[in-house]
Amino acid sequence: MAGKVFRSHFQLGRRQARCILDGAFALARKQGMEPLTVVVLDGGGHVVAAEREDGCAPLRFPVAQGKAFAALGNGIASGVVGERNIERPAFLASVAAASGGHFVPVPGGVLILDDDARVIGAVGASGASSGEDEAASIAGIAAAGLGWGREPE
């Protein structure tokens, strides 16, 4: 089908997503972290950009995506999801099953917020320690000039 089509509205563009990746990797290299994979999702859970550093294991992509999706799907950072539900393993297993396995409730997935603190996407990182993954996600979001959030105050 050739011809013009209506364009979709978006709140998180490819250029912003690339800035997030670059910012996350810049922090990782500055701090000497293990190689990372970083995934940027839009508000609908679709991949806008993703990249794996040289030497990063192949399973890191689904883990990074799962961290971002856990944050996006719950409205709080992936590590907060895990912390809040540590005594509820059946809940965590149920959500993992309901999401088709795209749910990793450990630190590394952080929400991207607009100027009104509304969720427009999420970033997930995997490859270093969970705390380092989360720091890289936050650094990437900040490098793109966007807001980030772990949980509401």
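Please refer to the structure placed before this passage.
Rules of the game
Residues numbered from 1 in each chain as written. Predicted model: local features only at pLDDT ≥ 70, side-chain atom pairs only at ≥ 80, totals over all residues. Heavy atoms only, no water. Pairing = 2+ DSSP bridges. Helix = DSSP H or I, 4+ residues; strand = E, 2+ residues; numbered from the N terminus. Axes fitted to C-alpha atoms, helices over the stretch in contact; angles between N-to-C directions. Contact = heavy atoms within 4.5 Å. Expected span 1.5 Å × (residues − 1). Buried < 20%, exposed > 50% of the residue type's maximum accessible area, 1.4 Å probe, protein only. Salt bridge = Lys/Arg side-chain N within 4 Å of Asp/Glu carboxyl O. Parallel < 35°, antiparallel > 145°, perpendicular 65-115°, else oblique. Left-handed = near helix turned anticlockwise from the far one by under 90°. Core = buried A, V, L, I, M, F, W, Y, C linked by side-chain atoms within 4.5 Å.

Digging into the sheet that holds strand 3 (residues 109-113)
Okay, so step 1: One open sheet accounts for 5 strands, arranged 2-1-4-3-5; its pairing is antiparallel. Where the open sheet ends on each side, the last strands, each with one partner, are strand 2 (47-52) and strand 5 (147-149). In this sheet, adjacent strand axes meet at a mean angle of 20 degrees when their direction is disregarded.
Okay, so step 2: Sheet analysis places strand 3 next to strand 4 (residues 119-126), joined by 5 bridges and oriented antiparallel. What sits directly across from L113, in strand 4, is V119.
Okay, so step 3: In the packing of helix 2 (residues 60-74) onto the sheet, contacts are made with strand 1 (37-42), strand 2, strand 3 and strand 4, and the angle to strand 4 comes to roughly 145 degrees.

Concerning helix 2
Side chains that are three or four residues apart share a direction in an α-helix, a result of its 3.6 residues per turn.
Okay, so step 1: Here helix 2 contains 15 residues, and its C-alpha end-to-end distance of 21 Å stays within 8% of the 21 Å for a straight helix at 1.5 Å per residue.
Okay, so step 2: Buried within helix 2 we find A64, Q65, G66, K67, A68, A70, A71 and L72.
Okay, so step 3: Immediately beyond the C-terminal end of helix 2, within one or two residues, lies G75, with a positive phi of roughly 75 degrees.

Points about the pattern of salt bridges
Okay, so step 1: Within the structure shown, the criterion is met by 9 salt bridges.
Okay, so step 2: Across the salt bridge formed by E53 and R29, the nearest N and O atoms sit 2.9 Å from each other. Placement of the pair is E53 in the loop between strand 2 and helix 2 and R29 in helix 1 (residues 14-30), with a sequence separation of 24 residues.
Okay, so step 3: On the accessibility criterion, R29 (40% relative accessible area) is partly exposed.

Focus on the side chain of S78
Okay, so step 1: By the secondary structure assignment, S78 is in helix 3 (residues 78-84).
Okay, so step 2: Residue class for S78 comes out buried when judged on its relative accessible area of 0%.
Okay, so step 3: Apart from residues lying up to four places away in sequence, S78 is in contact with K67, A70, A71, V104, P105, V106, P107, G108 and G109.

Topic: the packing of helix 1 against helix 5 (residues 130-143)
Okay, so step 1: Look at helix 1 against helix 5: their axes get within 7 Å of each other, and the N-to-C directions meet at 130 degrees. By the angle between their axes, helix 1 is oblique relative to helix 5. The two elements helix 1 and helix 5 meet at a crossing, and its hand is right-handed. For the pair helix 1 and helix 5, the contacting residues are C19, I20, G23, A24 and L27 in the first and A135, A136, A139, G140, I141 and A143 in the second.

A word on the nonpolar core
Okay, so step 1: Counting residues in hydrophobic clusters, the biggest one holds 24 residues, and the most contacted among them are I20, L36, V38, V40, I112, V123 and L146.
Okay, so step 2: Of all the elements in the fold, those that place two or more residues in this core are helix 1, strand 1, strand 3, strand 4 and helix 5.
Okay, so step 3: Looking at this core, the element that brings in the most residues is helix 1, giving 7 residues.
Okay, so step 4: Not counting residues up to four positions away in its chain, the partners in contact with L146 are L12, Q16, I20, I112, L113 and I141.
Okay, so step 5: Core analysis: the next-biggest nonpolar cluster, separate from the first, contains 9 residues, V39, A64, A71 and L113 among them.

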